[in-house]
Amino acid sequence: MTPESGLPVWRTAAIVAVGSELLTPSRLDTNSLYLTEQLNAIGIDVVSKAVVGDDHQAVADAFRHAESRADLVVITGGLGPTDDDVTREAVAAALDLRLEEDPAIVAAIERRFAARGLQMPAINRRQALVPRGARVLDNPNGTAPGLWIRDGDSGVLLLPGPPSELKPMFEGWCQTIVVAGGVTPIHRRFIRITGITESHAEEALQPYYEAWQRAQPPVAATILAAMGQIELHLSVRADAGAARAALARAAADACTALGNNVVSDEGKTLEEVVGNLLRARGWTLAIAESCTGGLIASRITDVAFSSDYLQLGVVSYSNASKIDLLNVPADLIEVHGAVSEQVATAMATGARERAHAHIGLGVTGVAGPGGGTARKPVGTVAVAVVGPDGTSRARLHTLRGNRQQIKTWASQVALDSVRRMLLKQSG
C-alpha cells in the first residue's frame, strides 16, 4: 500500500481483449498495443495478453487466468448493448458480484439518444448494469461506461472497445487511480540493427548483458528479429534522469559492439536515417527499381519532407524501360542478364544522371514465385549504389521468402547500401 493513497502498488498487468471479430484476419487488436505502451509508461509491466471471442465462459476463464498472473487486469470490449456483449456479466459472475441497474447511467444514455432526436432502445439498459461495489467511469464519447472493480489487492478495469472511447477513459482513470499507486516508471530505448543475423548480434552483445544487469539501476535487454533487421530493446525502471543515463550507457556499449550495423540507437527507421544523412550533406537521391516495384521510393516518401533529398523514383520493370528510361546498354542485359550487378549499376547510374542527383540506387531481381533459374534462383537480387564521384558499390544477394517478403528484404538491403555509402563518404 502507498501511504498517501491507501492503494496497492500495481506492478504487473494482464490484458484481455474481447470480441469474436478480433479472432478473424480482418480486425487487429490495436487496443492492447496502446494499453501496453501506456501501462509501461507509468511503470506497470504487461505480463500477458489474450484475445477471446464473445462467449460468457471464455471471457470468465480468460479473466480468472489473467487475475492469477497479474496485479491489474484490463479488459477491453464486450460492454455494448447486444446479446453478444458479455464482459460485464462474465466478470461479475467470476467475482460472484450481483449486477444492479444504475439509474444515473440509464438517464445519461437516454440524454445521449435524445440529443440526436432519438428514443433510447430498451436493449441499452444492459449497459447500465453495474457489479455491486464497482466504480463507474464516465464515457463522454459513447454509451458504454467503463467499470473499475477492486478485488482484494487486485484491480479490474473494464473498458469499451472503440479506441475513441477507450483512450480518453483510460487516461482519465490513470490520473486518478494508477498514478496514485506511486509505481516507478519504466523507460525504454530501441536500437535498430541491420546487415547481420540475430545470432551474430546476440554473440556481439552477450559480453555486456551481465554488466547491464548488475548496474544501478539495472538495464534489461531483449533482442527481436524482424524482416530485414534486428531490434534491441533496452528497458530500465528508475526515475527519468537515472533511466536516461543508464540507457545511454547501454546504448553506447551496443554501438561499440555492433559498429556500423547499428542503424539507429534512438529507434529511428532506416528510411529516416538515410534521409537525415542525405539532408546533413545536402545531397540528393535518385532510385531505379525493378523487382521492388516502387517500394523503396514509397518507404523514402513515408518520411515527411523527403522532397528535400529525393529527386527521382523510376520503376523500370521491363528490359525495354531500362534501356529507354535509364540508358542501360542493351548488350549489358544480353551478356549479363537483367538481374546482375552490372545492370543494377547501370540503372543506378542512369537514374542519377537523369535526375542530376548526387547518389543513384539501382535494384533488380527475381521476386518469384516464377522466373528463377538454376544460376539465378528466386530471391536473387542485385543492388548497386553510385556516389557523387562515380564510385560504385554493387552486390548480388540471395534472399528467402515469398514474393512480398523478398521485395521487403530487397528494399531493406537497398536502403542499407545507401546508408553505408553515406557513412563511408562522411568518414
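Going by the structure above, here's the rest.
Keep in mind it's a predicted model, so treat the numbers as computed, not measured. Residue numbers restart at each chain and count upward from 1, following the sequence in its written direction. Residue-level local features of this predicted model are given only where pLDDT is at least 70; pairs of side-chain atoms are given and counted only at 80 or more, and the full residue set underlies all totals for whole chains, interfaces and linings. Neither water nor hydrogens contribute to the side-chain values; these are computed over all heavy atoms in the structure.

**Quick word on the sheet that holds strand β6 (residues 135–137)**
Argument step 1. Following DSSP output, two strands are said to pair if at least two bridges run between them. Elements are defined by DSSP. Helices are runs of H or I of four residues or more, strands are runs of E of two residues or more, and each kind is numbered from the N terminus. On the basis of which strands lie adjacent, the open sheet formed by six strands has the order β2-β1-β3-β8-β7-β6 and mixed pairing. Each edge of the open sheet carries a strand with a single partner, namely β2 (45–52) and β6. Each strand axis lies, on average, 20° off the axis of its neighbour in the sheet, ignoring direction.
Argument step 2. The pairing of strand β1 (residues 12–18) with β2 spans seven bridges and is parallel. If you follow Val16 over to β2, its bridge partner there is Ala50.
Argument step 3. We call two residues in contact when some of their heavy atoms are within 4.5 Å. Fitted lines through C-alpha atoms serve as axes, helices being fitted only where they are in contact, and the angles separating the N-to-C directions of these axes extend from 0 to 180 degrees. Contacting β1, β3 (72–76), β7 (146–151) and β8 (154–159), helix α3 (residues 87–94) crosses the sheet at an angle of about 165° to β8.

**Structural notes on helix α2 (residues 56–69)**
Spacing of three or four residues puts side chains on the same side of an α-helix, whose turn is 3.6 residues.
Argument step 1. Expected span, for any helix, means 1.5 Å times one less than how many residues it has. In a regular helix each residue adds 1.5 Å, so 14 residues correspond to 20 Å; α2 covers 20 Å between its end C-alpha atoms and thus fits that length.
Argument step 2. For α2, the full list of buried residues reads Val59, Ala60, Ala62, Phe63, Ala66 and Glu67. The arc that holds every buried residue of α2, seen down its axis, measures 165°, which confines them to one face.
Argument step 3. On its buried face, α2 sits against β1, β2, β3, α3, β7 and β8.
Argument step 4. What qualifies as a polar contact is a pair of N or O atoms within 3.5 Å, subject to a donor-acceptor requirement within protein and to the restriction that residues adjacent in sequence count only when both atoms come from side chains. Between a side-chain oxygen at the N-terminus of α2 and the backbone nitrogen of Gln57 the separation is 3.2 Å; the capping residue is Asp55. Categorising residues by exposure relies on relative accessible area from a 1.4 Å probe, with only protein chains included: less than 20% of the type maximum marks a residue as buried, more than 50% marks it as exposed, and the intermediate range marks it as partly exposed. To be clear, the arc concerns the directions from the helix axis to the C-beta atoms.

**Section: the environment of Gly387**
Argument step 1. Tracing the sequence through the fold places Gly387 in the loop between β16 (380–386) and β17 (392–398).
Argument step 2. Put simply, Gly387 and Gly360 are 27 residues apart on the chain and 6.7 Å apart in space, counted from C-alpha to C-alpha.
Argument step 3. If sequence neighbours within four positions are ignored, Gly387 has contacts with Arg352, His358, Ile359 and Met421.

**Examining the sheet that holds strand β12 (residues 262–264)**
Argument step 1. Strands sit in the order β10-β11-β9-β12 across an open sheet of four strands; the sheet is antiparallel. Unpaired on one side and paired on the other, β10 (220–226) and β12 mark the two borders of the sheet. Sheet twist, expressed as the average angle between the axes of neighbouring strands with direction ignored, equals 30°.
Argument step 2. Pairing geometry for strand β9 (residues 186–193) and β12, over two bridges, is antiparallel. Paired with Arg192 across the two strands is Ser264, which belongs to β12.
Argument step 3. Contacting β10 and β11 (229–237), helix α6 (residues 198–214) crosses the sheet at an angle of about 170° to β10.

Remember that the coordinates give geometry; whether it matters functionally is a separate question.
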